[in-house]
Amino acid sequence: MNPHLDSFAEILDKAALNRRAVPRLTDAAALDVPSAYEVQRAVIERRLARGESLIGVKMGFTSRAKMVQMGVDDVIWGLLTDAMLIESHVDTADLIHPRIEPEIAFLIDRPVRTPADAVDAVGGIAVGYEVLDSRYEGFSFTLPDVIADNASAAGFGLGPWHRPRDVGNVGMLLEIDGRTVASGSSAAILGDPMRSLVAAARLAEAAGIELQPGWVILAGAATAAIPLPAGTHVRVSAAGLGRAEVTTR
Ligand code: 0L1
Ligand code: MG
């Protein structure tokens, strides 16, 4: 790998490990989207070298509002490792400036080699949440910056899996300490979260990665991401899918 790109991966990996935000990479150097994905991959390789394993992917910029905000017309993705899976607690001291958002998640139960395989490969659907934590100062980035930073992925949690069903337009809520702080419809996710799954399969094919049985695909958020303070109880829910909960310390 280009040593220049590898040094970017080192900066982002250290930022996450040290919980210290860094300036945007693009403040100091040019970075295009393909190179940014190389940096992302090198960040993940560092995690895998520490014993983590890949367990899925997360889709980003899946709402029209976020695409317009970033001036892009396509989704991005990041990779999920087992160390990112949150069971019931998250320690905000392990993170820089975390945010949380409600997600629809798909469980893959057979290999997905092309986008045509995606829909039939879904073995389960759940409501979940994603904890975002940009490694950049001020949670501020350009498109290549955020791609390099693994699409701000930090953690995620899941509610119970349900048999595949239509989740094209289900109401979703994000509550903190019993107060609704955001609400929306799964239709905010590319019009139907299933489209995000197909997009994940397209990006996977382009990257030469096969989506594996057992992998989780976080399709995207139905609402804006909300800052995640310590000492709170968060609940996300989606009509017909139940809920997922997390407590922060
Ligand atoms: O998961 C997402 O849609 C977010 C992608 C990265 C941008 C951000 O951190 O808001
Ligand atoms: Mg997300």
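Residues numbered from 1 in each chain as written. Chains lettered and ligands numbered in written order. Predicted model: local features only at pLDDT ≥ 70, side-chain atom pairs only at ≥ 80, totals over all residues.

As recorded in an unreviewed UniProt entry, the protein goes by 2-keto-4-pentenoate hydratase and comes from Sphaerimonospora cavernae.

Another point: the overall build of the protein. Assigned secondary structure in the protein consists of five helices and 12 strands. Taking 249 residues into account, the globule formula puts the C-alpha radius of gyration at 18 Å, and the protein, at 17 Å, falls close to it. Oriented by its inertia axes, the alpha-carbon framework of the protein measures out at about 50 × 45 × 35 Å. Out of the 249 residues belonging to the protein, those deemed buried represent 45%. Across the protein, every contact between residues at least 6 apart in sequence was considered, and the portion connecting residues at least 24 apart equals 77%. (Helix = DSSP H or I, 4+ residues; strand = E, 2+ residues; numbered from the N terminus. Rg over C-alpha atoms; globule rule 2.2 N^0.38 Å. Buried ≥ 20, exposed ≤ 12 C-beta atoms within 10 Å, placed from the backbone. Contact = placed C-beta atoms within 7 Å.)

Surrounding ligand 1, one finds Lys 58, Gly 60, Phe 61, Glu 130, Leu 132, Ser 134, Val 146, Ala 151, Ser 152, Gly 220, Ala 221 and Ala 225. Looking at the shell around ligand 1, the elements that each hand over two or more residues are β1 (54–60), β5 (122–132) and β9 (216–221). Partitioning the shell around ligand 1 into residue classes produces six nonpolar, four polar and two charged. (Near = placed C-beta within 6 Å. Nonpolar A, V, L, I, M, F, W, Y, C, P; charged D, E, K, R; others polar.)

Before going further, it helps to spend a moment on the sheet that holds strand β8 (residues 179–185). If you trace the five strands from one edge of the open sheet to the other, you get β3-β12-β11-β7-β8, paired in mixed fashion. Edge strands, defined here as strands with exactly one partner in the open sheet, are β3 (89–90) and β8. Where strand β7 (residues 171–176) and strand β11 (residues 233–238) come together, five bridges link them in antiparallel fashion. The partner of Met 172 across the bridge, within β11, is Ala 238. (Pairing = 2+ DSSP bridges.)

What follows concerns the nonpolar core. Formed by 80 residues in total, the largest nonpolar core has its most connected members in Ala 105, Val 131, Ala 200, Ile 217 and Ala 219. In this structure, Ala 105 is in contact with Ala 126, Gly 128, Leu 158, Val 216, Ile 217, Leu 218 and Ala 219, ignoring residues within four places of it in sequence. (Core = buried A, V, L, I, M, F, W, Y, C linked by C-beta atoms within 7 Å.)

Glancing now at the pairing of β1. With five of its seven residues buried, β1 lies for the most part within the structure. By the bridge criterion, six bridges tie β1 to strand β2 (residues 76–81) in an arrangement that is antiparallel. Across the sheet, residue Met 59 finds its bridge partner in β2, namely Trp 77. Bridge count between β1 and β9: three bridges; the pairing is parallel. If you follow Val 57 over to β9, its bridge partner there is Ile 217.

What follows deals with helix α1 (residues 3–18). For α1, with 16 residues, the first-to-last C-alpha span of 22 Å sits near the 22 Å given by 1.5 Å per residue. Of the residues making up α1, those classed as buried are Leu 5, Phe 8, Ala 9, Leu 12, Ala 15 and Ala 16. Looking down the long axis of α1, one finds its buried residues gathered within 125° of arc, a one-sided arrangement. More than 90 degrees from the buried face of α1, the exposed residues found are Pro 3, His 4 and Asn 18. Structurally, α1 contributes buried residues whose contacts are with α2 (33–49) and α4 (143–148). Directly after α1, the chain includes Arg 19, whose backbone phi takes a positive value near 55°. (Expected span 1.5 Å × (residues − 1). Arc of directions from axis to C-beta.)

Looking now at helix α5 (residues 193–207). Over its 15 residues, α5 runs 21 Å from end to end, which matches the ideal 21 Å to within 8%, given 1.5 Å per residue. What α5 keeps buried is the set Pro 193, Met 194, Ser 196, Leu 197, Ala 199, Ala 200, Ala 201 and Ala 204. In this structure, the buried residues of α5 make contact with β1, β2, β4 (99–108), β5 and β9. In the stretch just after α5, Gly 208 is the one whose phi turns positive, near 70°.

What follows concerns the confidence of the model for the protein. Taken residue by residue, the protein gives an average pLDDT of 96. The fraction at 70 or more is 100%. Overall fold confidence for the complex sits at a pTM of 0.96, while the interface term, ipTM, reaches 0.92. (pLDDT = per-residue confidence, 0-100.)

Turning next to the packing of α1 against α2. When two helices pack together, their arrangement is given by the angle between the helix axes and the distance between those axes. Relative to each other, α1 and α2 sit at 55°, their axes nearing to 8 Å. Between α1 and α2, the crossing angle belongs to the class labelled oblique. The two elements α1 and α2 cross, and the hand of that crossing is right-handed. Taking contact as the criterion, the partners of Leu 5, Asp 6, Phe 8, Ala 9, Leu 12 and Asp 13 in α1 are, on α2, Ser 35, Glu 38, Val 39, Ala 42, Val 43 and Arg 46. Tallied by class, the residues present in the contact of α1 with α2 amount to seven nonpolar, one polar and four charged. (Axes fitted to C-alpha atoms, helices over the stretch in contact; angles between N-to-C directions. Parallel < 35°, antiparallel > 145°, perpendicular 65-115°, else oblique. Left-handed = near helix turned anticlockwise from the far one by under 90°.)

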